[in-house]
Amino acid sequence: MSPIDARQFRNALGQFATGVTIVTTFDDAGRPTGVTASSFNSVSLDPPLVLWSLAKSAQSLKAFQESGHFAVHVLGQDQQDMSNRFARSGEDKFAGVPHHLSPEGVPLFDNCAARFVCRTAYQYEGGDHVILVGEVIDFDTADTDPLLFHGGHYKEARQTAAEDDTGATVDVDTATFTEDFLSYLMARAHFQLSLPVAQLRRDWGMGETEFLCLSLLSLTPGLTLSELQRRLEHTGRLPEPETLEHMTAQGWVSCQVSATGEPVYENTTQGRELLVELLANSRLMDEKASEAFTPTELAEFRAYLRRLVAHLDPEVPSLWSN
Ligand SMILES: Cc1cc2nc3c(=O)[nH]c(=O)nc-3n(C[C@H](O)[C@H](O)[C@H](O)COP(=O)(O)O)c2cc1C
C-alpha cells in the first residue's frame, strides 16, 4: 500500500458529512471549558452510549480526561458563530455566552438541536486523539434543523424529494388538483403576499394596471402608452388610453408631448407618494416572507424564481432596461 498523503486523507475523511457539536466540561478549578467537535457519534442504545474524539494537543484534554462528565451540544443551523468560537484554542470561550451548570457541574447551553449529558464511561487511545465514550444520563432535543459540516464547510440539511413523488398534481378528468400543484402554490403565495397592498390601493380607487404603470414610470419616467403596454404585456394587464386618462385626472401622472409629438407620461409628486406607501407595505410583506427561510434558502429561492421567470418566457423585457 502506498504511504498515506495527509492532505488527501483529510479530504477523503471530509467527504463524511457530520453534524457539529460543542462538547463541554470543567477543569480542576471548576472553570467551564469546551471544544467544537464533529467526531461525535452514537455507540449503543442499551446501555445508552455515545463517543467523540479529542486531539491530544487540545488545551482542554486534561479537563476532559479528569472531570468524569461532559455534555454534547448538537448545534442548530443558526449556531455557526458558536461553532467558530469553540474551535479557537484556549481563550475564554464562555465569556458572554449564557449558560448554566448541570448538577454534575457541566456547563450547558440552551437552544441547540439536541443535548446529551454524559458520565465519562471509557477512554481509549486513538493515535493523536483520545476517544471518549460517554454514558448518557440526561438528554433533550429541540425541533431545530442541525448545522452540518462537509468538505471543510458548514452546510444546511435538506430533505431529498420522495422517490414516489411523481409530480402528478392535477386530475383533468375530475378537474381537481392537490396542494402540490405548482400553479396553485405560486398563485396562492402571490395573493397572500400582495393582499395588504391590493387592499390599500383599492381603498384609493387604484386598479392593478394603474399600480403597475406607476411602478414602471417610477423606474423609467417618460414612457409612451405603447411602451407601457409592451412592458406590461407579460402581466396580461394592458393599460388602455382610458387608464392613463384616469390616472392623469387623479393627479397620479402628468402627460407631456415628446419631440416626436407622442404623449409621454411620468409620475407626479402625489403619484410617487402613493407608490412609496404601497412599496413600504410590500417591503413589510417581503420581510415577513423572508422570515420563513434561512439566508441560504432565501438566496436559492430567489435564484429558482429568476430561473422560472427566464424559462417561461425569455422574451419578457427587464423592468430595468429600455
Ligand atoms: C467543525 C469542526 C469540528 C471539529 N471537530 C473536532 C473533533 O472532533 N475533535 C477535536 O479534537 N477537534 C475538533 N475540532 C477542532 C477543535 O475545536 C479545536 O482544535 C479547538 O480549538 C480545541 O480547543 P482547546 O485547545 O481549547 O481544547 C473541530 C473544529 C471544527 C471547526
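Residues numbered from 1 in each chain as written. Predicted model: local features only at pLDDT ≥ 70, side-chain atom pairs only at ≥ 80, totals over all residues. Heavy atoms only, no water.

1. Quick look at the layout of surface pockets
If you add up the space inside the second largest pocket, you get close to 1,500 Å³. Considering the residues around the second largest pocket, the lining is formed by 46 residues, among which Thr36, Ala37, Ser38, Ser53 and His129 are closest to the centre. Mapped onto the lining of the second largest pocket, the elements with two or more residues apiece are helix H1 (6-14), strand E3 (32-37), strand E5 (49-55), helix H3 (80-86) and strand E11 (147-150). Looking at the lining of the second largest pocket element by element, the count peaks at 6 residues for E3. Tallied by class, residues from the lining of the second largest pocket come to 17 nonpolar, 21 polar and 8 charged. (1 Å grid on protein atoms, 1.4 Å probe; cavity = no way out; pocket = protein on both sides within 12 Å on 5 of 7 lines; lining within 4 Å. Points joined across faces, edges and corners; volume = space filled by probe spheres on them. Helix = DSSP H or I, 4+ residues; strand = E, 2+ residues; numbered from the N terminus. Nonpolar A, V, L, I, M, F, W, Y, C, P; charged D, E, K, R; others polar.)

2. A few points about the packing of aromatic side chains
Given two aromatic rings, one states the distance between the centres and the angle between the planes to describe the pair. Tallying each qualifying case throughout the model produces 12 aromatic pairs. Between phenylalanine 293 and phenylalanine 301, the ring centres sit 5.1 Å apart and the planes meet at 25°, which makes this aromatic pair stacked. The partly exposed category is assigned to phenylalanine 301, whose relative accessible area is 36%. Put simply, the rings of Phe40, Phe116 and Phe139 pair up and form one aromatic cluster. (Phe/Tyr/Trp six-rings, centres within 6.5 Å; stacked < 30°, edge-to-face > 60°. Buried < 20%, exposed > 50% of the residue type's maximum accessible area, 1.4 Å probe, protein only.)

3. Quick word on a nonpolar patch on the surface
Side chains of Leu182, Met186, Phe293, Phe301, Tyr304 and Leu305 sit close together on the surface and give an oily, nonpolar patch of about 530 Å² of accessible area. At the level of secondary structure, the elements contributing two or more residues to the nonpolar patch comprise helix H4 (182-203) and helix H9 (295-312). Element by element, the count of residues in the nonpolar patch is highest for H9, at 3 residues. Here phenylalanine 301 lies in helix H9. (Patch = residues over 30% accessible without salt bridge, like charges linked within 9 Å, V, L, I, M, F, W, Y side chains within 5 Å. Areas by Shrake-Rupley, 256 points an atom, 1.4 Å probe, with all protein chains shown as cover. Salt bridge = Lys/Arg side-chain N within 4 Å of Asp/Glu carboxyl O.)

4. Here we look at the sheet that holds E11
Strand-to-strand pairing in sheets goes through backbone hydrogen bonds, with the strands running parallel or antiparallel. Here we have 3 strands laid out as an open sheet, ordered E1-E11-E12, and antiparallel in their pairing. Each edge of the sheet is formed by a strand with only one pairing partner; in this case those strands are strand E1 (18-19) and strand E12 (153-156). Note: E11 against E12, 4 bridges, orientation antiparallel. Paired with histidine 150 across the bridge in E12 is histidine 153. (Pairing = 2+ DSSP bridges.)

5. Regarding the pattern of salt bridges
What the rule picks out here adds up to 9 salt bridges. Among the salt bridges present, the one from glutamate 300 reaches arginine 158, with a minimum N-O distance of 2.6 Å. With glutamate 300 in helix H9 and arginine 158 in the loop between E12 and strand E13 (170-171), the pair connects residues that are 142 residues apart, well separated along the chain. Its relative accessible area of 27% is what places glutamate 300 among the partly exposed residues. Overall, arginine 158 belongs to the exposed group, its relative accessible area being 58%. One salt-bridge network, held together by shared partners, links Asp28, Lys62 and Glu66.

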